[in-house]
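Coordinates in review
Spelled out, the chains give:
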Amino acid sequence: MPRVVMRVNGKEVSGEVEPRTLLVEFLREHLGLTGTHVGCDTSQCGCCVVHLDGRSVKSCTVLAVQCEGAEVLTIEGLARNGELHPIQRAFHECHGLQCGFCTPGMIMSALELLQRHPAPTEPQVRAWLEGNLCRCTGYHNIVRAILQAAEEMRQAPRPAA
Amino acid sequence: MVEKGIGQAVPRKEDRRFVTGRGRYVDDIRLPGQAWAVFVRSPHAHARIRRVDKASVEGMPGVLAVFTGADAEADGIGPLICGWMIHSRDGTPMKVGTHRVLATDKVRYVGDRVACVVAETLHQARDAAEALVVEYEELPAVVDLATADEAPALVHDDIPGNLCYDWELGDRAAVEEAFAKAARVVSVDLVNNRLVPNALEPRAALAAYDPGRDEITLYLTSQNPHVHRLVMSAFNNIAPEHKLRVVAPDVGGGFGSKIFIYGEECVVAWAARKLGRPVKWREERGEAFLADAHGRDHVTRAELAVDADGRFLALRVDTRANLGAYMSTFSSAVPTYLYAPLLSGQYRIPAIHARVRTYYTNTTPVDAYRGAGRPEACFVVETLVDAAARALGIDRAEIRRRNFIPPDAFPYQTPVVMTYDSGDYRTCLDRALELADYAGFERRRQEARARGRLRGIGIGCYIEACGIAPSQAAISLGAGVGLWESAEVRFTHTGKVQVYTGTHTHGQGHETTFSQLVAETLGVPFEDVEVIHGDTATTPVGMGTYGSRSQAVGGEALLRACHKIIEKGRKIAAHLLEASEADIEFEAGVFRVKGTDRRKTIQEIAFAAYVPASYPADLEPGLEASAFFDPPNFTFPSGTYVCEVEVDPETGRVRIEKWVAVDDFGRIINPLIVEGQVHGGLVQGIGQALLEHAVYDRESGQLLTGSFMDYAMPRADDVPSFTVEFAPGSPTPSNTLGAKGAGEAGAIGAPAALMNAIWDAVGTRVEMPATPERVWRAIRQTQMPQAAE
Ligand code: FES
Ligand code: FES
C-alpha cells in the first residue's frame, strides 16, 4: 500500500493507505480527526470541507495520496491555545449551529471566504455557501455569524500562523 | 433576575465541542476490533427473491459473514412493528403487512434490505456486498398513490386493494347538512408532496456484545433511545430490555427520521452478538434517500362551505395517503390523529368531517417528518381560506379575522377531538401584517409590474398540537405507549447539579435551556449544571424528542423534580436553622427564616445532605429527586407567517422578498434558540413549497431523486433572512412552565404562506413544489389561455 506524508494542523503525519482512500477517510479513520464529517456521496453537502494548501476543498473528493507533501488544516486546528477563532466564536454567539454536523465544513468554508473577501455582503455570503448544506438552521444565523466574524476580523486581524 | 435564567438569549453551552470539531457522533466512535456491515438492497421495486447465493462471496478478502432474512427468522428476530393501532370506519383493524428486518419472500421497494455483509474493513464489506449474487423474479410495481387501489399488483399478497385502512373523523351528517344550506362552497384538489428528511448526519449504528455480562451496547443515531430499547427487546427479540443499552450520543439532526426502529439497527445488534465482536454500519447518502422513512405524500380533495359573509360553516376533507411498502413505527398516526384533528385551524368551523385512506405502494415507507400531519392539515385549511376569500371578494386577512376563534373562547372544543388551550390569533395576524406592511403591498405590486415582475403576498395562519401527549388520550386513540416524560436532578457534595433527562437533544439545545431552567428554579449558577441525556444506562426512562415535546413535557418534568429538591432542602434547612419548616422561604438559591437574616445556601444544604453531621432524624440523606410528567392536554402553539414573493414571468423563478413570522409559543426559555428553531422550520417548509420532491418512476418504481444532485435541498441563496417576532404569548395551562413547544411551527405554517403568495402573484394555484417550470406554465395558462393546450 502506498505511503503518504503530509502536514495536518501543523504536525507531520504519515500513513499507509489504499490508493482509493479519500482524504476524509485518512483524516477520520487513520488520524482520528473526526471533526471533519461525511454527509453525502456526491460532493454536494460540504460537511467535509478542510483547507488544502490554504484553499478550501471537499475532502471527500480528494484522494489521500494526492496530498503528499501538502499542508492540511482541519476544524481541530483552527482554535489556537484554546482560544476560538473569531468565526468559531461568532457561530457560537449568533447561534449559527444546531446539531453541529454541518458546522465544521461551514466554518472552514467561511474561513476561505473571509480570507478572500474581508467585507462580504449578505448576498455574497449566501452565494459563497452554495456548496454547504445545513438542514437545521435555515442559514439565517450562519449568515449572521459570518458577517459578524468578518467585522471582527477586520477590526482585529489575527496574526498569521 | 437570575443570570442566564428563563427568558434570556443565552448562547448554547454545547457549542464549544461542535465548533472545535469535538462533537461525538456515532460514526466518530471506534471500538477495538470493530467489523463493518454493509446492506445489500433491492434494485427492484417489487420482486420475489429466488435465491441469495452466499457462496458467491465466500473466500473474498475480509468477509466474516453474510446474513439473510432466513437467518434472522431462524434466530427468532421478530419483525418491525407499527406502534399505533388505527381502525377503519367499519371497525376493522388496520391491515399490517409483515415488515422483516431482512426480506425473505419478496422485496417491496428499491432499497429494501435483502442481506447484510460483515467484513473486516468497510471497503471489503462494500466489495463483497457488490459481489453478492441475488436472484429475483421481477413483479409489476404499485407506484402511483392515486391509483394504488386499482393497481393489478398487491404489495402484500394478503392485503386487498393495497388498502391499509379507511378511517374517518367527525360528524358526516352535520357536515352534509351544512353544505346543503351553504351560500357558497369552495373546493380544491391538492397534493402534499413527498419529502426526504435528509438530516445531514446519515444514520449509523455500532453494536458491541459483552459475553461476560451477556449485554449488548448499541450506539445509535436515535431521537429516543429508550423507545428503541423497548421495541428492539419486546418485539424484535434482540436482547432482554435490561441487557440492551442504547446510547444516542451527539446526533446530527433527526426531524422525525431517527425516531423509528429500522431493520438496520436490529441486524447490526444481532450480528455483533453472533460474531462476538463490534459491528458498525454507516449509511451513505444514497442509501439514506432510499432507506430513511420519507414524509408527507398525500392527495386531497377538500371543500369548505361558507355563508354569504364569508363565515365558515363546514369542512369536508378526503385524503389518500401513501404508506410506502411497509408500516413504519408511527406511520399510521401521522395521516390520522396528527392530521385530521388539526383541520379546524385557527377557526370556528362548526362541522368537520375527514376521511383518510392509506395505501401501500412499492416505495420507501413514509412516516413522521417535521410537523408530521400538521403541515398537511395547515396547507389544506389555509388554501381553502384563500379560495373562499377569492370566491367572495373578501380581503384575505379580513376573512381570517371574521372566522378566528376569539381569545375569550378558550378552552375551545373543536368538532375534531381537540380542546385548544389558549391563543390570541388576531393579535398575531395583525402584528405580522403590520411588520410586513400589508397595507402598502398594492403599491409594491404596481412598482414590480412596472419592472415586468409579478409580485404576491400570502398569509399562513397555523395551529399546531404539541407537547405530545396526554398518555390516556393517546392510548385511547390507538397509541401503544404512554407519552409522559421524565427527569432527575442530582446535587453533588460540592453543590453542582447533574440533570438526567429522558428527552434527547439533536440540535434543539436542551443542554442550555434545561440549565437555564434549573438555574432559575434552584438559584444555582448556569455553569454549575450539567445535562445528561441519550443513554439508557444512565438516564431515567423517557420517550424522547419529537412532536415539539421536550420543553413542554420534559421541561415540566424537570421543573417538578427541582421543586421536590426545594421541598427536601426546606426540611434540611429548617433543621439546621432551628426553625419550623413553614417559616423557611426559598429564593434565588437561598433558604431563609422568614423575616430574619438566618440563611443557608442550597449548596450548603446539599453538603449537609451528603455529610449529615446534623440532620433531621426522619429524613434520608442525599439530595436528588426525579419526576415524571404526563400532561393533561396537548399544547397549541399558533402564529401567522406572511410572505412576499416576486416572480419572473420569463423564467417562472420565485424569489422570496420578505418573510415575517409572529409566533405564540407561550413562555419561552431561550429566545435565541427558539428563533433558530423557527428559522430552520421555515426553510424546511420553504423547501417543501419550492424545491423538494421525491419522485418515483411510475413504471419501474425507481427513485429518480436519489441524491443531492437530483433532490433540491434549500441552500443559503434560495432563502431570505427572516423577521421573527414572538407574540406576547398566551402561556398554556397544560403545564406550569407555560411553554408550548416550538420545534415544528416553521415547517407547518411556511408552505401555506408561500403557496398563497405565489397564487396571489400569478393568479392561479400552483402545486408544490412550485418549480420554475410549474410556475412558468401556470403563468402561460392564465395569461395566454389559447396557449394552454
Ligand atoms: S461529504 Fe458531502 S461534500 Fe464531502
Ligand atoms: S446545524 Fe445541523 S445541519 Fe447545520
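That block above? That's the structure.
About the thresholds
Residues numbered from 1 in each chain as written. Chains lettered and ligands numbered in written order. Predicted model: local features only at pLDDT ≥ 70, side-chain atom pairs only at ≥ 80, totals over all residues. Heavy atoms only, no water. Helix = DSSP H or I, 4+ residues; strand = E, 2+ residues; numbered from the N terminus. Rg over C-alpha atoms; globule rule 2.2 N^0.38 Å. Contact = heavy atoms within 4.5 Å. Areas by Shrake-Rupley, 256 points an atom, 1.4 Å probe, with all protein chains shown as cover. Lys, Arg positive; Asp, Glu negative; His and termini not counted. Charge placed at Lys NZ, Arg CZ, Asp CG, Glu CD. Salt bridge = Lys/Arg side-chain N within 4 Å of Asp/Glu carboxyl O. Buried < 20%, exposed > 50% of the residue type's maximum accessible area, 1.4 Å probe, protein only. Pairing = 2+ DSSP bridges. Axes fitted to C-alpha atoms, helices over the stretch in contact; angles between N-to-C directions. Buried area = accessible area lost by both parts, 1.4 Å probe. Nonpolar A, V, L, I, M, F, W, Y, C, P; charged D, E, K, R; others polar. Core = buried A, V, L, I, M, F, W, Y, C linked by side-chain atoms within 4.5 Å. Right-handed = clockwise from strand over helix to strand, strands pointing away. Arc of directions from axis to C-beta. Polar contact = N/O pair within 3.5 Å; in protein donor to acceptor, adjacent residues only side chain to side chain.

1. With respect to the overall build of chain B
Scanning chain B from N- to C-terminus turns up 18 helices and 28 strands. Whereas a compact globule of 789 residues would reach a radius of gyration of roughly 28 Å, chain B reaches 28 Å, a difference of no more than 12%. Expressed along its principal axes, the backbone C-alpha trace of chain B runs to roughly 95 × 75 × 50 Å. Long-range contacts, defined as pairs at least 24 residues apart, comprise 80% of the intrachain contacts of chain B with a sequence gap of at least 6. For chain B, the exposed area adds up to about 26400 Å²; of that, 50% sits on carbon and sulfur atoms. Averaging the coordinates of the 84 positive side-chain charges in chain B and doing the same for the 103 negative ones gives two points 1 Å apart.

2. Digging into the pattern of salt bridges
Between side chains of opposite charge, a pair can form when the charged atoms approach closely. Residues and elements named next belong to chain B. All chains considered together, the criterion is met by 84 salt bridges over all chains. The shortest N-O distance in the salt bridge between Arg194 and Asp297 comes to 2.8 Å. Of this pair, Arg194 sits in strand 8 (residues 184–195) while Asp297 sits in strand 13 (residues 295–306), placing them 103 residues apart in sequence. Judged by its relative accessible area of 12%, Asp297 falls in the buried class. Ionic pairing is found between Arg426 and Asp430, a salt bridge with its closest N-O pair at 3.2 Å. Pair noted here: Arg426 and Asp430 are both in helix 10 (residues 425–435), with a separation of four residues, about one helical turn. Within this structure, Arg41, Arg113, Arg203, Glu264, Glu265, Glu283, Glu287 and Asp292 form a network of salt bridges that share partners.

3. Points about the sheet that holds strand 26 (residues 638–648) of chain B
Residues and elements named next belong to chain B. Strand order across the open sheet formed by four strands is 18-26-27-28, with mixed pairing between neighbours. In the strand order of this sheet, the two ends are held by strand 18 (454–463) and strand 28 (723–726), each with one partner. In this sheet, adjacent strand axes meet at a mean angle of 15° when their direction is disregarded.

4. Description of the interface of chain B and chain A
Between chain B and chain A, the contact holds 56 residues from the first and 54 residues from the second. In this assembly, chain B packs against chain A so that about 4500 Å² is buried in total across both faces, 53% of it on carbon and sulfur atoms. Ranking the residues of chain B by area buried against chain A places Val19, His123 and Leu200 of chain B at the top, with a combined share of 16%. The interface formed by chain B and chain A holds five salt bridges in total. Arg28 of chain A serves as the salt-bridge partner of Asp28 of chain B, at 2.7 Å between the closest nitrogen and oxygen. Only helix 1 (15–19), helix 3 (122–131), helix 7 (285–291) and helix 16 (671–691) of chain B provide two or more residues apiece to the side of chain B that touches chain A. At eight residues, helix 16 of chain B tops the list of elements feeding residues into the side of chain B that touches chain A. Of the residues in the side of chain B that touches chain A, the class split is 25 nonpolar, 16 polar and 15 charged.

5. Structural notes on the nonpolar core
With 229 residues, the main nonpolar core has Phe91 of chain A together with Leu343, Val645, Trp659, Leu754 and Ile758 of chain B as its most contacted residues. By residue number, the principal contributor to this core is helix 17 (residues 745–762) of chain B, which donates 12 residues. Discounting chain neighbours no more than four positions away, the residues touching Phe91 of chain A are Gly96, Leu97, Thr103, Met106, Ile107, Ile142, Ala145 and Ile146 of chain A together with Val19 of chain B. Among the nonpolar cores identified, the runner-up in size contains 44 residues, and Ala487, Cys562, Ala606 and Ala609 of chain B belong to it.

6. Some thoughts on the pairing of strand 27 (residues 653–664) of chain B
Residues and elements named next belong to chain B. Inspection of the sheet shows strand 26 paired to strand 27 by 11 bridges, in the antiparallel sense. Looking at the pairing, Cys643 lines up with Trp659 of strand 27. Taken together, the four bridges between strand 27 and strand 28 define a ladder with parallel strand orientation. Looking across to strand 28, one finds that Asp663 is bridged to Phe726. Note that the unit made of strand 27, helix 16 and strand 28 has a crossover that is right-handed.

7. Examining the pairing of strand 5 (residues 113–119) of chain B
Residue and element names in this part refer to chain B. Burial runs high along strand 5: seven of the seven residues are buried. Direction of pairing for strand 1 (residues 35–41) relative to strand 5: antiparallel, over a ladder of six bridges. Residue pairing in the sheet places Trp36 in a bridge with Ala119 of strand 5. Taken together, the five bridges between strand 3 (residues 63–68) and strand 5 define a ladder with antiparallel strand orientation.

8. A short note on helix 4 (residues 172–181) of chain B
Since one α-helical turn is 3.6 residues long, residues separated by three or four positions face the same way. All names here are of chain B. The complete set of buried residues in helix 4 reads Val175, Ala178 and Phe179. Buried residues in helix 4, looked at end-on, bunch into an arc of 100°, giving them a common side. What points out from helix 4, more than 90 degrees from its buried face, is the exposed set Ala173, Ala180 and Lys181. Two or three places before Ala173, at the start of helix 4, stands the capping residue Asp171, its side-chain oxygen 3.2 Å from that residue's backbone nitrogen.

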